[in-house]
Amino acid sequence: MPTVTTAEVFADHRSHLIGVAYRLTGSVADAEDAVQEAWLRYSTAEGIKEDRAWLTTVVSRICLDRLRSAAVRRETYVGSWLPEPLLTTTEADDPLASVVQSDGVRMAALVVLDKLTPEQRVAFVLHDAFSLPFNEIADALGVSEASARQHASRARKAVAGAEPPPRAALAEQQEVLEKFLQAMSSGDIDAVMGLLHPDAVMVGDGGGKVRTAVHSVSGAEKIARFFFGLIRKYGFENDFPEMRPVLVNGDLGLVLGAKNGAAERVLTFTVHDGRVGAVYDIANPDKLGHVDFGLDRN
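Residues numbered from 1 in each chain as written. Predicted model: local features only at pLDDT ≥ 70, side-chain atom pairs only at ≥ 80, totals over all residues. Heavy atoms only, no water.

**Q** Can you tell me about the sheet that holds strand E2 (residues 196-205), naming the residues and giving the values?
**A** Taken in spatial order, the 7 strands make up an open sheet running E1-E4-E5-E6-E7-E2-E3, and their pairing is mixed. Across the chains shown, the open sheet's two edge strands, defined by having one partner strand only, are strand E1 (87-88) and strand E3 (217-218). In the sheet, strand E5 (residues 251-256) pairs with strand E6 (residues 265-272) via 4 bridges, with the strands oriented antiparallel. Within the sheet, the bridge partner assigned to Val-255 lies in E6 and is Val-266. The strands touched by helix H8 (residues 170-186) within the sheet are E2, strand E4 (243-248), E5, E6 and strand E7 (275-282), with E5 carrying the most contacts at an inclination of about 40°. On the sheet, helix H10 (residues 220-233) packs against E2, E3 and E7 and is oriented at approximately 45° with respect to E2. (Pairing = 2+ DSSP bridges. Helix = DSSP H or I, 4+ residues; strand = E, 2+ residues; numbered from the N terminus. Contact = heavy atoms within 4.5 Å. Axes fitted to C-alpha atoms, helices over the stretch in contact; angles between N-to-C directions.)

**Q** Let's hear about the pairing of E4: which residues, and what values?
**A** With 2 bridges joining them, E1 and E4 adopt antiparallel strand pairing. Directly across from Leu-87, in E4, lies its bridge partner Val-248. One ladder, built from 6 bridges, connects E4 with E5; its direction is antiparallel. In the sheet register, Pro-245 faces E5, and the bridge partner there is Leu-254. Here E4 folds back onto E5, and the loop between the two strands holds 2 residues, one of which, Asn-249, carries a positive phi near 55°.

**Q** So what about the nonpolar core? Which residues, and what values?
**A** Side chains of a nonpolar character, in soluble globular proteins, are inclined to be buried together. In terms of nonpolar packing, the biggest core is built from 45 residues, with Leu-86 and Ile-137 touching the most fellow members. Of all the secondary-structure elements, those providing two or more residues to this core are helix H1 (6-25), helix H2 (28-42), helix H3 (51-74), helix H4 (107-113), helix H5 (118-129), helix H6 (134-141) and helix H7 (145-159). Broken down by element, this core gets its largest block of residues, 8 residues, from H1. Setting aside residues up to four positions removed in sequence, Leu-86 forms contacts with Tyr-22, Val-28, Leu-96, Val-99, Val-100, Val-105, Leu-247, Val-248 and Asn-249. (Core = buried A, V, L, I, M, F, W, Y, C linked by side-chain atoms within 4.5 Å. Buried < 20%, exposed > 50% of the residue type's maximum accessible area, 1.4 Å probe, protein only.)

**Q** Describe the packing of aromatic side chains, naming the residues involved and giving the relevant values.
**A** Using the criterion set out here, one finds 10 aromatic pairs in the structure. Here the aromatic rings of Trp-39 and Tyr-42 are separated by 6.4 Å at their centres, their planes lie at 50°, and the arrangement is tilted. Placement of both Trp-39 and Tyr-42 in helix H2 is noted, with a separation of 3 residues, approximately one turn of the helix. Look at Tyr-42 and you get buried, because its relative accessible area is 6%. Here the aromatic rings of Tyr-42 and Trp-54 are separated by 5.9 Å at their centres, their planes lie at 45°, and the arrangement is tilted. Of this pair, Tyr-42 sits in helix H2 while Trp-54 sits in helix H3, and the two are 12 residues apart along the sequence. In textbook terms, an aromatic cluster arises when at least three aromatic residues are bridged by ring pairs, as seen for Phe-10, Trp-39, Tyr-42 and Trp-54. Its guanidinium or amino end placed over the ring of Tyr-234, Lys-233 lies 5.7 Å from that ring's centre, counting from NZ or CZ. It is Lys-287 that lies over the ring of Trp-81; its NZ or CZ is 4.0 Å from the centre. (Phe/Tyr/Trp six-rings, centres within 6.5 Å; stacked < 30°, edge-to-face > 60°. Lys NZ or Arg CZ within 6 Å of the ring centre and 35° of its normal.)

Listed below in structure tokens is the structure:
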């Protein structure tokens with residue numbers, strides 16, 4: 001029987017580790033860096049009894065450090081902070097397809113996790129999403145098991161009532177999004193408002209580098225008027241920017257090309273009860289370096 005190499009064992013766990021790291025950090029770049037660093041440590045480690053548990057603990061420790069650094073950066077961040085979008089395809093061999101299957105990886109769910117402290121986020125995600133025992137979580141956090149339990153408990157209380165509704169089927173998302181875009185392109189503000197949930201919210205993240213909503217916009221009418229204001233500002237009435245549908249964190253979204261001074265961006269939506277419940281506009285170029293726009297950039 002052929003011997004399984006260290007690289008092959010690590011490859012078997014890589015998708016799981018990316019999923020852990022991305023849900024902890026909300027950053028594609030940080031997740032990939034954390035997993036790469038874990039590989040470097042794993043490739044030279046000896047005496048590991050449980051590979052998956054060991055790797056998950058190491059990745060979690062690395063992500064905890066990155067979360068703490070991110071918390072400091074956010075103190076001076078301009079506007080709203082959104083996670084980096086995780087784009088996947090519907091192809092069966094997409095290596096990230098398994099990562100986005102969970103509802104907890106949706107943009108709306110990750111936004112809720114941003115309410116937590118780094119320690120609370122790690123404890124909550126590792127226990128509630130990945131079923132790690134608290135003794136292993138305590139090891140990742142460098143605290144007692146009792147403290148790890150307390151972090152997870154406080155996290156649950158912090159997110160209670162804030163979790164988004166279940167993910168709508170992709171067919172429903174596609175139907176709603178097509179109607180929404182048609183209403184936008186035809187200039188029918190009443191139709192747009194009718195396709196937005198009364199409690200809808202629009203959150204933009206430009207990082208102070210490109211234009212989007214600095215503060216979240218709430219309510220169907222305000223969101224509709226905000227979008228039509230952008231259309232007029234950039235002269236999109238009869239000439240929309242290039243766009244293509246993509247899966248963003250497992251939900252249907254759009255990649256938009258730059259045009260008339262409007263920057264490249266990724267949009268994703270939450271659909272609830274047949275209407276758009278949330279719009280997330282990720283436009284900060286620092287969060288889009290991994291995105292293949294594949295569009296005309298002129």
